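Each chain is listed here by its residues.
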Amino acid sequence: MRTPSIGYECAADYLTDDVEFHDFYRLGTVTLYAKVILVQLAKQYEWKEIKFVYHEAFQRDLKKYTGFFNQHGIKFTVTPLTGNFDEAVTIFEYLNANKYRVVYFIGDEYTYRTMVCAEIATETKKGLTWVSEGVHSEAWWTAEDAELLSEHPECTADRIAEHMQGAINIKGMGAPNPYDEKAMSTELTCFKGFTPKTFNDLVQTHVQGGYPIGEKGTEVENPFNSVLNYGADGTCALVLAVSHMLYEKGKTIEEVRVLDESNYKEIQKYIRYDLSFEGASGPVSFTGNDNPGTLGVYQLMGQEDILVGTVGWNDAKSMDIDQNLMDAFNGGIRNDSWTEADLDPPPPEAYFPWDVIKVLARVLPIGVPCFLAYLNSIPGFDTFVARSLGKQTSTVV
């Protein structure tokens, strides 16, 4: 079956391989280049060690991270995690024993929440530096996890948020930079009369109110906002590809519906090399399998994820850690909520009996003369002393 395939997120780096995945395209921004931002932060804040925790599904891209960290002298340890609570506890026992305070996490939000709960359960000092990569549902830390709470009632949403203050998340934005007025006001190719801003506002209205508005059960409680626009843009890409075949190549609708080998190659060629349009997620075109996008750097402050920086795809792909790749917004990354581990209490001083010395100093000047006077009053004591010292005694008549 010959059907063009466009992924709406699919941020894994290995999908860039256009030989193995030669007829595949994806709209999501590759997040592998987040490792460049992490190395820059590690050097800027002089982190002693990074605990790199990943969900086992991430295994395929692991060496690309560890090799990059080694290349730039970043000290780290790696731990796979399946979401098992006891495994998470051992991670924090290690961090606390060694006074390390940085965790880099790649995985789903369930595993992430389990990690933060383990931090709480081990009474780890608040102010840990959390850095995560990838898209999670909107404000996932505000949701109560009934299963987790049944075993660990201390891990409420409020406590989770307290222990995550200052947490950084690096992900594909899935939208133009909200501070770029020109990009946010550009008319969409497939949705005439809409701009990225007005289209996203409309989508958010239906996410919260249902479709049609008020239709019960169609609301989305915790949407993945960073990928919402990709659905519209993927549909637009396929519509433009079909339009190309019908109106520029003169094919019939039946020829497009059931593609033969020649028509399949033509539509693939168009998508890979010629497709270009203004989408809800920003400009859309493909370089190999990828749609160059922008990485957003967000930081949790209170209960809100604040955009503090953006990194262009080409800038991040250069992997030049010596260049300032990030455009800062809202004051940039802040470290005021991050804290160091508590210092060990100083060892007790070696014991010396100063109290005894003080007592003796007071007693001896009085006690010794009195004791000697007492001895001297004993009849014959002076004779005993003289004989003990080997002296002769004489009797006076």
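About the criteria used
- Residues numbered from 1 in each chain as written.
- Predicted model: local features only at pLDDT ≥ 70, side-chain atom pairs only at ≥ 80, totals over all residues.
- Heavy atoms only, no water.
- Core = buried A, V, L, I, M, F, W, Y, C linked by side-chain atoms within 4.5 Å.
- Buried < 20%, exposed > 50% of the residue type's maximum accessible area, 1.4 Å probe, protein only.
- Helix = DSSP H or I, 4+ residues; strand = E, 2+ residues; numbered from the N terminus.
- Contact = heavy atoms within 4.5 Å.
- Phe/Tyr/Trp six-rings, centres within 6.5 Å; stacked < 30°, edge-to-face > 60°.
- Lys NZ or Arg CZ within 6 Å of the ring centre and 35° of its normal.
- pLDDT = per-residue confidence, 0-100.
- Disulfide = S-S within 2.5 Å.
- Salt bridge = Lys/Arg side-chain N within 4 Å of Asp/Glu carboxyl O.

Asks: Pulling in residues and values, what's your account of the nonpolar core?
Replies: By size, the foremost hydrophobic cluster in this structure holds 39 residues, and its most contacted members are W47, I50, F52, F69 and Y104. Put simply, the parts of the chain that give this core at least two residues each are α1 (34-44), β3 (50-55), α2 (62-71), β5 (102-106), β7 (168-172), β10 (294-301), β11 (304-312) and α12 (313-317). Looking at this core element by element, the count peaks at 7 residues for α1. What F69 contacts, discounting residues up to four positions off in sequence, is K35, L38, V39, F52, I74 and F76. Judged by nonpolar contacts, the second largest core, of 29 residues, contains M115, A118, L128 and M164.

Asks: So, the packing of aromatic side chains: which residues are in play, and what are the values?
Replies: In this description, an aromatic ring pair is defined by two values, namely the gap between the centres and the angle between the planes. Applying the stated criterion to the full structure yields 23 aromatic pairs. Here F69 and F76 contribute two aromatic rings whose centre-to-centre distance is 5.4 Å and whose plane-to-plane angle is 70°, an arrangement assigned as edge-to-face. Judged by relative accessible area, F76 falls into the buried class, the value being 17%. Cluster of aromatic residues (ring-pair linked, three or more members): F52, Y54, F58, Y65, F69, F76 and Y104. Looking at K171, its charged tip hangs above the ring of Y298, at a distance of 4.7 Å from the centre.

Asks: A description of the confidence of the model for the protein chain should follow, citing residues and the corresponding values.
Replies: Summarising the model, the protein chain shows a mean pLDDT of 90, and 90% of its residues fall at 70 or more. Contacts from residues 393-397, a stretch scored under 50 in pLDDT, to residues over four places away or in other chains number 2 contacts.

Asks: Now, about the state of the cysteines: what can you tell me, with residues and values included?
Replies: In total, this model carries 2 disulfides according to the counting rule given. In the protein chain, the bonded cysteines, numbered by position in the sequence, are linked as 1-2, 3-4. Distance from the sulfur of C10, which forms no disulfide, to the nearest cysteine sulfur (C236) is 18 Å.

Asks: Report on the environment of T3, specifying residues and quantitative values.
Replies: For T3, the location among the structural elements is in the segment before β1 (5-7). Using a relative accessible area of 42% as the deciding quantity, one classes T3 as partly exposed. Linking T3 and D158, residues 155 residues apart in sequence, is a C-alpha distance of 47 Å.

Asks: Requested: an account of the pattern of salt bridges, with residues and values cited.
Replies: Inspection of the entire model under this criterion finds 13 salt bridges. Across the pair K64 and D61 runs a salt bridge whose closest N-O atoms are separated by 3.7 Å. Accessibility expressed as a relative area gives 35% for K64, which makes it partly exposed. Residue classification places D61 among the buried positions, given a relative accessible area of 5%. Residues K197 and D201 are paired through a salt bridge, measuring 3.0 Å at the closest nitrogen-oxygen approach. Within this pair, K197 and its partner D201 are both found in helix α8 (residues 196-209), separated by 4 residues, close to a single helical turn. The partly exposed category is assigned to D201, whose relative accessible area is 36%.

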